[in-house]
Amino acid sequence: ETQVLPGALMRNAELKFICRDVSLRVEAKSAFTDGYTIGDEISLPVAHHDGNYLVTDADLARLNDQGRVALRYTEDVNGSIGGIAGVLSENKRVLGMMPHPERAADPVLARTDGAALFRSLASLTVNA
């Protein structure tokens, strides 16, 4: 079954490339976020020009009602509606997100907040 994520990524509100660490709040439980607790604030890098998430009011209500907003920015980073940084498919097996957890997943990178996402996914593979 094909899983579709609603919405589109538009140019950042300031029309500038953004490359910096941002603070995010974990909003939903899924295979991707099992290593975090709902409400956790984490720091991940963003590096994008087209990261402004746009979605219809109906789709936004559906995402919120179904607990499919995985991550929200804690401040306005790029103009994304509702501060959305990551959304889940209906079955919560697909995650679309703008921040880069792979750039914050190892002490060698001086950041580790993204590591829990990869550990969560790896444990699913090992335990399957």
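None of the values given here were measured: they were computed from a predicted structure.

With respect to the helices and strands, Ser30 occurs in the loop between strand E2 (18-26) and strand E3 (41-48). Apart from residues no more than four positions distant in its own chain, Ser30 is found in contact with Leu88 and Lys92.

Right, let's talk about the side chain of Ser80 for a bit. For Ser80, the position within the fold is in the loop between strand E5 (69-73) and strand E6 (84-88). A polar atom in the side chain of Ser80 sits 2.7 Å from the side chain of Asn78. Dropping the residues within four chain positions of it, Ser80 is found in contact with Gly51, Asn52, Tyr53 and Tyr73.

Taken over all residues, the pLDDT of the chain has a mean of 94, while the share at 70 or more is 98%. When pLDDT is averaged over each helix and strand of the chain, the minimum, 84, is found for helix H2 (residues 115-127) and the maximum, 98, for E5.

All right, on to empty space enclosed by the protein then. Applying the stated criterion across every chain, the model contains one cavity of 30 Å³ or more. In terms of lining residues, the largest cavity is bounded by Thr33, Tyr36, Ile42, Leu44, Leu71, Leu95, Pro101, Gly114 and Leu117. Looking at the lining of the largest cavity residue by residue, the class counts come to seven nonpolar, two polar and no charged.

Reading the values: the criteria
- Residues numbered from 1 in each chain as written.
- Predicted model: local features only at pLDDT ≥ 70, side-chain atom pairs only at ≥ 80, totals over all residues.
- Heavy atoms only, no water.
- Helix = DSSP H or I, 4+ residues; strand = E, 2+ residues; numbered from the N terminus.
- Contact = heavy atoms within 4.5 Å.
- Polar contact = N/O pair within 3.5 Å; in protein donor to acceptor, adjacent residues only side chain to side chain.
- pLDDT = per-residue confidence, 0-100.
- 1 Å grid on protein atoms, 1.4 Å probe; cavity = no way out; pocket = protein on both sides within 12 Å on 5 of 7 lines; lining within 4 Å.
- Points joined across faces, edges and corners; volume = space filled by probe spheres on them.
- Nonpolar A, V, L, I, M, F, W, Y, C, P; charged D, E, K, R; others polar.

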